[in-house]
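# Summary of the model geometry
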Amino acid sequence: MDAELSRIAADVLRPGEQILWAGKPVRGSRLPLPPYFGILVGGFLLLPILIYAVSSDHSIAALVINLVPIVFIFGLIALVFAKLRGKYASAAHNTFLLTENRAVHVFSHAQVSNVASVPLRKGTSVRLFKGRSTAGDLLIRRKAGRKDGDAATSTFMLGRSAWAGIRFSGVPHAEHVRDVAERAIAKNQQFEPEIHENPGG
Amino acid sequence: MENSAVSDATLTLVYQRLTPGEQILWAGRPEPIVPLAWNSRLLVLFVKPTLPVFVLALIFGLAVGSKVLYFASPMGMLICSIVILGSKSIRAMPVAHEEYVLTNLRAFSHFQSNGTRILGEMLLDGNTLIQKRRCGQGTTTLVFSRSQNATEPRKVKGLGTARVGFLNLRDAESPLKAAEWSVAINPIFQPPAPATITNLERAWTRN
């Protein structure tokens, strides 16, 4: 454990909390786009292609003219997302921790610190978005609880809070890290603990 | 000071992080629902009835074989969808679960919902920029970010600014004055100088 990790661990860990895994983002993982972005782009590209297929006039030029602006707009949206989320994929400013109870993301830069944590318990899911190499993104999120009505103001009617989880971008050996998180969730599930909103990082 | 406005969990968390001499100046919560600004509301009002028009234009274009209509419609539908979903995502921001605390040294934001917790923390000194933004319906957002200079670059390598925001406040004057006072009195933070390498260490590294 290097000096930086020791400092971060001392700052964010609760007394007696054990680290299962710690790491930083690596380069070469996938573009930091939201999940289902590819499906959305595909859907919009499919529409003009379907129209082209069913129409009697098969003009390739018209199809290309129609597809280019859609690709351009989605490309622009992807660029904005990559720019906004990029700072959370930089190794210099981000540290990911998995403890026996929590997944913690620490962002730290220029006297700004952001510590986000999600409990690894019943109701938490870990989803892996694999990159080309062994690196990938992990989306660790909570299902909205019954008492969580106002927090779970639905985004696009998906019935989940906009901030109901955290993302580990560019995690090295992502499959292994997902397994570690899932094992911790399974272990904690056996005890069926209640979530208490206690302070402490 | 409106300490009663924030939960015990947030106060305890902040008290744990207070440094000697640091005192809480203000604490508060945002308005629970983020309103849209008047121009955004006007745009959504215009776009909502326009979306079915594009759908009808697509069907009509296909029926009569009009190239202009059936090739322009998907683009129109895409732009309308982005505007409608964008406004929905702003209103879906769960700010009701955020709480803010301002000390004479730092700004804290704390989000807590269903187990997920996010604690934002920012130093208030001479290099802190305070931006005030009107949100609509009389609410204001305060954004704290770092100013641009050689030692403390504002941007994270061109990938976006590191910041802490107090969103959607009904009364932003008290925290604004407290933050401005903190920024004025606190000396500019000097990052610790990197350890100097001695000749012996240099020789060791070469070997």
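Treat the numbers as computed from the prediction; the structure is a model and nothing was measured.

### Details of the pattern of salt bridges
Applying the stated rule across the entire model yields 11 salt bridges over all chains. Across the salt bridge formed by Arg102(A) and Glu17(A), the nearest N and O atoms sit 3.0 Å from each other. Here Arg102(A) is found in strand β3 (residues 102–109), whereas its partner Glu17(A) is found in the loop between α1 (3–12) and β1 (19–23), with 85 residues between them in sequence. We note that Arg102(A), like Glu17(A), is buried. Of the charged contacts in the structure, one is a salt bridge between Arg29(B) and Glu99(B), with a shortest N-O distance of 2.6 Å. Of this pair, Arg29(B) sits in the loop between β1 (24–28) and α2 (38–64) while Glu99(B) is found in strand β2 (residues 98–103), placing the two residues 70 residues apart along the sequence. Several salt bridges converge on common partners, so that one network encompasses Asp11(A), Arg17(B), Glu22(B), Arg106(B) and Glu121(B).

### Topic: the sheet that holds β3(A)
Reading across from one edge, β1(A)-β2(A)-β3(A)-β4(A)-β4(B)-β3(B)-β2(B)-β1(B) is the order of the 8 strands in this open sheet, with antiparallel pairing throughout. A strand with exactly one partner marks an edge of an open sheet, and here the two such strands are β1 of chain A together with β1 of chain B. Between one strand and the next, the sheet's axes are offset by a mean angle of 15°, whatever the strand orientation. Of the strand pairs in this sheet, β1(A) and strand β2 (residues 94–99) of chain A are connected by 4 bridges, and their pairing is antiparallel. Counted as the bridge partner of Ile19(A) is Thr99(A) from β2(A). The strands touched by α1(A) are β1, β2, β3 and β4 (112–119) of chain A; relative to β2(A), the strand with the most contacts, the crossing angle is about 60°.

### Some words on the confidence of the model for chain B
Residues and elements named next belong to chain B. Overall, the predicted model of chain B reaches an average pLDDT of 79, with 80% of residues at or above 70. Counting interchain partners and residues more than four positions distant, the pLDDT-below-50 stretch residues 152–159 has 31 contacts. Contacts from residues 203–207, a stretch scored under 50 in pLDDT, to residues over four places away or in other chains number 0 contacts. Reported for the predicted complex are a pTM of 0.74 and an ipTM of 0.70.

### Points about the packing of aromatic side chains
All names here are of chain B. This model, assessed by the stated rule, comprises 5 aromatic pairs over all chains. Between the aromatic rings of Phe 144 and Phe 166, the centroid separation amounts to 5.1 Å while the plane-to-plane angle is 80°, which identifies the pairing as edge-to-face. Remark: Phe 166 occurs in strand β7 (residues 163–169) and Phe 144 occurs in strand β6 (residues 139–146); sequence separation between them is 22 residues. Classification of Phe 166 as buried rests on a relative accessible area of 0%. Of the aromatic side chains, those joined through ring pairs into one cluster are Trp 26, Tyr 100, Phe 144 and Phe 166.

Parameters at a glance
Residues numbered from 1 in each chain as written. Chains lettered and ligands numbered in written order. Predicted model: local features only at pLDDT ≥ 70, side-chain atom pairs only at ≥ 80, totals over all residues. Heavy atoms only, no water. Salt bridge = Lys/Arg side-chain N within 4 Å of Asp/Glu carboxyl O. Helix = DSSP H or I, 4+ residues; strand = E, 2+ residues; numbered from the N terminus. Buried < 20%, exposed > 50% of the residue type's maximum accessible area, 1.4 Å probe, protein only. Pairing = 2+ DSSP bridges. Axes fitted to C-alpha atoms, helices over the stretch in contact; angles between N-to-C directions. Contact = heavy atoms within 4.5 Å. pLDDT = per-residue confidence, 0-100. Phe/Tyr/Trp six-rings, centres within 6.5 Å; stacked < 30°, edge-to-face > 60°.

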